[in-house]
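Each chain is listed here by its residues.
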Amino acid sequence: MPKSKRNKLVTLSKTKKKGREGKELLLNTVRQCLEEYSTLYIFAYENMRNTKFKEFRESLKDSSRFFLGSNKVLQIALGRTPAEELKEDLHRASEMIRGDCGLFFTNLSDEKAERTFEEFEEYDFGRTGSLATETIELKEGPLEQFSHDMEPFLRKQGLPVRLNKGVVELIADFTVCQAGEQLSPEASRILRLLGIQMAAFRLHLLCRWKRDEFHVFKEAVELHDSRESSQLMP
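In this text, all values refer to a predicted model and were calculated from it rather than measured experimentally. (Residues numbered from 1 in each chain as written. Predicted model: local features only at pLDDT ≥ 70, side-chain atom pairs only at ≥ 80, totals over all residues. Heavy atoms only, no water.)

Let's shift gears to the side chain of R208. Following the sequence through the fold, R208 ends up in strand β10 (residues 199-210). In this structure the side chain of R208 is engaged in a polar contact, spanning 2.5 Å, whose partner is the side chain of E213. What R208 contacts, discounting residues up to four positions off in sequence, is T39, L40, Y41, D110, E114, E213, F214, H215 and F217. (Helix = DSSP H or I, 4+ residues; strand = E, 2+ residues; numbered from the N terminus. Polar contact = N/O pair within 3.5 Å; in protein donor to acceptor, adjacent residues only side chain to side chain. Contact = heavy atoms within 4.5 Å.)

Below, the structure written as C-alpha cells:
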C-alpha cells in the first residue's frame, strides 16, 4: 500500500532564518534612523536581561529607538571607513561596535539621554559563569529558611546537610562562592534559593555622534575593554 502523503511528520520547533533579507532590513532601518533622529549613541551592556531591557526600551519609544543585532551588520550600516560612511565621522562610531553592544537613536537632549542611562540599573540572580560580586559563606548550624523536603536537593548542590528532628542542618561551614570567581551551576542555584542577587544589568554609553560632533565616553570605553579582556582570559 502506498504511503499516505498526509502521514507526514512536521517539526514544530523549526523556525525560518532571517538570512540576507533580515540583514538588509536591519541595515536599511538603521540608515533611515540616521535621518529621523538627531543623535546616535553606541552603548555596551552587561548582564543583559531581556524583560528589563524591553521595559526600558518601551519607556523611551516615543523619542528613541534601539538596535541589537549582528555587530558586523551594524558596522556596515554606519560605514566602516571614511569612504563607506553615510555621514561624516560615522566610521568612528562604527569602530566602537564590538562585544556586547547596540545602537541608541534619540531626539532627547544630551543631558536627559545620558542621565537616563546613568540611572538605569536592575539587579537579578547571577547565572552560571557570571562573576561573584562578594564571598558568601554559610555557617554550621540549622538552615531554618529551608523546609525539610529541600534537604535532598540541597545535598545535590554540594551542601553538607542533614535532617535533625525535621530541620535542615549544615554540618560544617560552607563557602557558596568567592568574590571575583565564576559562579558554578550549583552556586547560582543556592544563591537563588537564598534570595541573593549578584547580577547588575547596566547600560554604558560608549560614544555620541551628531551631525557636527563626535564624543567618546572614555571611562565607559575603558570599562568595556577591561570586561572584554577578562572574558577572553582562560
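What follows concerns the environment of F104. Along the chain, F104 turns up in strand β3 (residues 101-106). With relative accessibility at 1%, the residue F104 sits in the buried group. (Buried < 20%, exposed > 50% of the residue type's maximum accessible area, 1.4 Å probe, protein only.)

In the contact formed by helix α1 (residues 19-36) and helix α3 (residues 71-78), the axes pass within 9 Å of each other and the chain directions differ by 45 degrees. Judged by the inter-axis angle, α1 sits oblique to α3. Crossing of α1 over α3 shows right-handed handedness. Of the residues in α3, those in contact with K23, L26, L27, V30, R31 and L34 of α1 are V73, L74, I76, A77 and L78. (Axes fitted to C-alpha atoms, helices over the stretch in contact; angles between N-to-C directions. Parallel < 35°, antiparallel > 145°, perpendicular 65-115°, else oblique. Left-handed = near helix turned anticlockwise from the far one by under 90°.)

Here we come to the environment of L193. Locating L193 in the fold gives a position in helix α7 (residues 185-194). Looking at L193, the relative accessible area reads 35%, which means it is partly exposed. Sequence-distant contacts of L193, that is, excluding residues within four places in its chain, are made with F146, M150, F153 and L154.

The next subject is the nonpolar core. Inside soluble globular proteins, nonpolar side chains tend to come together where they are buried. Among the nonpolar cores identified, the biggest contains 43 residues, and V30, L40, I42, L78, L103 and F105 are the most heavily contacted of them. At 6 residues, the largest contribution of residues to this core is made by β10. Listed in part, the 18 residues of the second largest apolar core include I136, F146, V161 and L170. (Core = buried A, V, L, I, M, F, W, Y, C linked by side-chain atoms within 4.5 Å.)

Bringing the pairing of strand β11 (residues 213-216) into the picture now. With 4 bridges joining them, β10 and β11 adopt antiparallel strand pairing. Within β11, the position partnered with K210 by the bridge is E213. Connecting β10 to the antiparallel partner β11 that follows it, the hairpin turn spans 2 residues. (Pairing = 2+ DSSP bridges.)

On to unusual backbone geometry. Positioned with a positive phi, N47 is a non-glycine residue whose angle comes to about 55 degrees. Note that N47 resides in the loop between β1 (39-46) and α2 (50-59). Relative accessible area serves as the criterion here: at 28%, N47 is assigned to the partly exposed category. Positive phi, close to 75 degrees, is recorded for D89, a residue that is not glycine. One can find D89 in the loop between α3 and α4 (90-95).

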